[in-house]
Structure formats: structure tokens, C-alpha cells
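Breakdown of the fold
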Amino acid sequence: MNKDLTIGKPETVLWKFCLPLFGSIIFQQLYNIADSLVAGKFVGENALAAVGNSYEITLIFIAFAFGCNIGCSVIVSQLFGAKDYRDMKTSVYTAMISSAVLCAVLMAFGISCCEGLLRLIHTPPEIMADSALYLAIYVWGLPFLFFYNIATGIFSALGDSKTPFVFLAASSTSNILMDVLFVKVFHMGVAGVAWATFLCQGVSCILSLAVLRRRLAGIRTKEKAALYSFALLKKIAVIAVPSILQQSFISVGNIVIQSVINGFGPGVIAGYSAAVKLNNLVITSFTTLANGISNYTAQNIGAGMMQRIRAGMRAGIGMVWTLCVPIVILYLSAGKTFIQFFMNAPSDTALSSGVQFLHIVAPFYFIISVKLAADGVLRGAGRMRHFMTATFTDLILRVALAKVLAVRTGPVGIWCAWPVGWMVAAGLSIWFYGRGPWRKKYKNISSLV
């Protein structure tokens, strides 16, 4: 059901809109973690390392899909908030057609270059074959990744966070079952993990597009919506391109960090692969809620209700901190248990590396969550230059510190790079938020929350 986020008490509206996103987060992360979990449990430590190693490259493709999602979602939100339904439909069609072209280019790049990328990041010989196989199958599923992300972004833009939740719940549960079936029963190894993701994401994509088509058909317009608009493409690109660049550079930065980690051997790679999956569970959760804040901000700006933004930001911080508290406690008290979920008989190196990573980064989730909430407002308002500045600062600091500290202190130096980047970038994001037009009557940033 479509929902107008410009009506009602801001805190209540945002909480109701984002509650299904909490459920979506759980299933989205089950989807992301399932491959590594099944590979580590039923194939072995090297299989876990191979999937984790390939995952850093898949993040480049995910960055493009995520950017298309955000670009389309923000513009559709603004047009929906302004009740301009004809242009809203045209923006959906424009995003779909443009994304199809971009996806085809990326598939060609992936098919021809992915093995070279694996060599570039110093993938150990013992996991090279499995890494390349997983990546090759993943690339063939890119159309499903792109169109599924765009569809869920449009649902959110229309104020509907329940439909994406239903699709994620069904897809994630199916993916886990298929992973186990292909790997444990059919003994397909890493290939089974990749094919399970391919099939489940494909079914989810087709179903979500079918529902979206019916949803758009139910929105009546006086004039028929145009199939394509370069003017709307430009507006989408203003949001999408910086988001793609941001996510792509983060992915490239993670690949650089992965190449540094690869120098410490399969044990550290496996431990990091498990820990970074758990870390990404949290960061993706915050990012998903930040996307909800972006939709809320965009609809209200489209409706000219700038005064509602501050209350939305306050509610957003309340949501992400509600999520922070139990996760930080669990990671600090039971980090070893969580790492062991990914492996039957982890080596001491793998176990200690993963636990060490979690213990270093977990306390700083309270800081990065505020940054991402502020980023949600900035992105929904179209203030992409400020958004990118804070994000690139985080990335540059993390990559540079990881390379420098790894030489002197080993893996622990790499893990310490995360909190430093997060703290500096959070300061920038909050400062940029404090200078937004919704805050003109406030003299300082001390009343942020």
C-alpha cells in the first residue's frame, strides 16, 4: 500500500514506515550471510575464504545497483510527495531502461575481467579456482540484482516498506534452504552456493516487477506517462551517480584492504570473512534505515514541508541506537560464538582474527549509525556533495591507515582503521546536516537530538 509520509506526527510516521525495514534487515542479512555460513560449515575454511574474497568484488556490482535504487527512489519520492504522478511514472520507466543498459555493460566487464581482479588482489592459489567460479555465476545474475533493487526502491519511495519485507523474507528463507540443498545434498561446493543465490534472486526479481507493474497501473494520471525522459534521467543521475561513485570507491577501498589482508594467509582471510559479514550486517542495517530517512526527507521536501525534517532526524537516531544496543552487547560478549557459526573447526588464527575485529569495531557502531542517519537526510535532500565528502573521508582514512598500520602491527592495525575513519566522517556528516536549510532558526548543533 502506498503511504504519504508528509502527513502525521513525524516520529510516528517514520517509526511505522521503518518498522518493516527492521524485518527486512534481518532477512537481507540472512541472505548475505547464508553463502559464507554454508560454505564454511559444509565445505571448509578455504571455501569460506573463497566466498569472502569474491564478496569484496561483488560489492562493486552491488554499488551500481544500490546507486540506481537510491537515485530512482529519491526522485520518485519527491514526485510522489508533490503529487506529480505522471512524471513519477516516467521516472520509473526511465530508471528501468537506463539501468538495463548499465547492467549489460557491467556484465560484459565482469565476464572478461573478474579473474584478473582476483589476481590483482593477490588471491592465494588455494582459493583462486573457487573464488573465480563463485564470481562468474554471480555476474550472470546481475540483471536480477539490478531490477530487484530498483523495484524495492520504488516501493519504499511510495511509502510502502511492507512489500519489500515480504519479498526479502521469502527470498532469504529460500536461499538458505537452497544453499543447504545444493551444498550438503548435491555436493556442489562453492558453485552450489552461487547457484542458490542466482535462482532465489531471480524469482524474487520477477515477482517484485510483476507486483510493481500492477501498483503503478493503479495510480491514475490525466495524461499518459512518457516512456523516457532525459530531463528526469538527469535528475536521477544527480542522486545516483554520486551514490554509485561513493559505493564503488568504498568497494575499491575494501578490495585494497582485502589485498592487504590476503598477505596474512587463509586463516586471517577466513576470520576476516566471517567477521566482516557480521559487521556488514550492522552497517547494512543502519544504511537500510537511513534509506527510509531519505524517503521520508524526499517526500517532505517535495511537499514543501521542510519543518518536518528535524523531527525525522531525531526519530532516525532513536531507531539506529535502538538497534545498536543489543548488537554491541552481543558482539562484545559472544563474538567468539558468532565467528564459530561460520566454521566447523576454525583454526586458532581464523578465530582470533575474527573476534579481534569485532571487539575493536563494535563499540563504535553508535558513532557510525549517527553518520548514516545524517547521510540519509542529506541524500534525501539532494545534498550529494556534502554526503560524498564525508563518505570519501572515511574511506581514504581507512584504506591509508590499513596499509600503514598493517606493516607495523599486523592485522590488528587494519581493524583499528575502521573506528578512526568512522569518527572523522561522522563529525563531517553531522556538521553538514547542521548547516541544512531545515535548521536556519537554530544557532548551533548542540540541539541535534
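Procedures and definitions
- Residues numbered from 1 in each chain as written.
- Predicted model: local features only at pLDDT ≥ 70, side-chain atom pairs only at ≥ 80, totals over all residues.
- Heavy atoms only, no water.
- pLDDT = per-residue confidence, 0-100.
- Contact = heavy atoms within 4.5 Å.
- Helix = DSSP H or I, 4+ residues; strand = E, 2+ residues; numbered from the N terminus.
- Axes fitted to C-alpha atoms, helices over the stretch in contact; angles between N-to-C directions.
- Parallel < 35°, antiparallel > 145°, perpendicular 65-115°, else oblique.
- Left-handed = near helix turned anticlockwise from the far one by under 90°.
- Salt bridge = Lys/Arg side-chain N within 4 Å of Asp/Glu carboxyl O.
- Buried < 20%, exposed > 50% of the residue type's maximum accessible area, 1.4 Å probe, protein only.
- Core = buried A, V, L, I, M, F, W, Y, C linked by side-chain atoms within 4.5 Å.
- Phe/Tyr/Trp six-rings, centres within 6.5 Å; stacked < 30°, edge-to-face > 60°.

Considering the confidence of the model for the protein chain
Chain-level pLDDT for the protein chain is 85 on average; 95% of the residues reach the 70-or-more range. This stretch, residues 441-449, has a pLDDT under 50; its non-local contacts, to residues over four places away or in other chains, come to 16 contacts.

Quick notes on unusual backbone geometry
Apart from glycine, the bulk of residues carry a negative phi angle, and the bulk of peptide bonds sit in the trans form. The backbone phi angle of Lys 83 is positive, close to 65°, even though this residue is not glycine. Structurally, the position occupied by Lys 83 is in the loop between helix H2 (45-81) and helix H3 (85-120). Of note in the backbone geometry, His 187 takes a positive phi value of approximately 55° without being a glycine. When you line up the elements, His 187 lands in the loop between helix H6 (162-185) and helix H7 (189-217).

Description of the packing of H2 against helix H4 (residues 125-140)
Between H2 and H4, the shortest axis-to-axis distance is 8 Å and the interhelical angle comes to 40°. Taken together, the axes of H2 and H4 are oblique relative to one another. By crossing handedness, the relation of H2 to H4 is classed as right-handed. Between H2, through Asn 46, Ala 49, Ala 50, Val 51, Asn 53, Ser 54, Ile 57, Thr 58, Phe 61 and Ile 62, and H4, the contact on the second element is made entirely by Glu 126, Ile 127, Asp 130, Ser 131, Tyr 134, Leu 135, Tyr 138 and Val 139.

Focus on the pattern of salt bridges
Considering all chains together, one arrives at five salt bridges under this definition. Residue Glu 115 is joined to Arg 119 by a salt bridge in which the shortest nitrogen-to-oxygen separation is 3.7 Å. Residue Glu 115 and its partner Arg 119 are both found in helix H3; the two are separated by four residues, about one turn of the helix. Given the relative accessible area of 46%, Glu 115 is considered partly exposed. Between Arg 398 and Asp 394 there is a salt bridge, and its shortest N-O distance comes to 3.0 Å. Note that Arg 398 and Asp 394 are positioned in helix H13 (residues 384-409) at a spacing of four residues, about one turn of the helix.

Comments concerning the nonpolar core
Counting residues in hydrophobic clusters, the biggest one holds 69 residues, and the most contacted among them are Phe 286, Tyr 331, Ile 339, Tyr 365, Ile 414, Trp 415 and Trp 418. Residue contributions to this core peak at 15 residues, all from helix H9 (residues 266-302). Once residues within four sequence positions are removed from consideration, Phe 286 is found in contact with Val 320, Leu 323, Cys 324, Tyr 365, Ile 368, Ser 369 and Leu 372. The next biggest cluster of nonpolar side chains, apart from the first, holds 59 residues, and it includes Phe 61, Phe 64, Ile 70 and Leu 142.

Some remarks on the environment of Leu 5
With respect to the helices and strands, Leu 5 occurs in the segment before helix H1 (10-42). For Leu 5, a relative accessible area of 0% puts it in the buried group. Spatially, the C-alpha atom of Leu 5 lies 12 Å from that of Gly 304, the residues being 299 residues apart in sequence.

Remarks on the packing of aromatic side chains
Per the stated rule, a full pass over the model turns up 18 aromatic pairs. Between Phe 80 and Tyr 85 the ring centres are 5.9 Å apart and the planes differ by 50°, which places this aromatic pair in the tilted class. Accessibility expressed as a relative area gives 9% for Phe 80, which makes it buried. Through a chain of ring-to-ring contacts, three or more aromatic side chains come together here, namely Phe 286, Tyr 331, Phe 338, Phe 341, Tyr 365 and Trp 422.

A short note on the packing of H3 against H7
Contact pair H3 / H7: the axes reach a minimum separation of 12 Å and the direction vectors enclose 155°. Considered as vectors, H3 and H7 are oriented roughly antiparallel to each other. Here H3 and H7 pass one another in a crossing that is left-handed. Taken together, the residues of H7 that come into contact with H3 (itself represented by Met 88, Lys 89, Val 92, Tyr 93 and Met 96) are Leu 209, Leu 212 and Leu 216.

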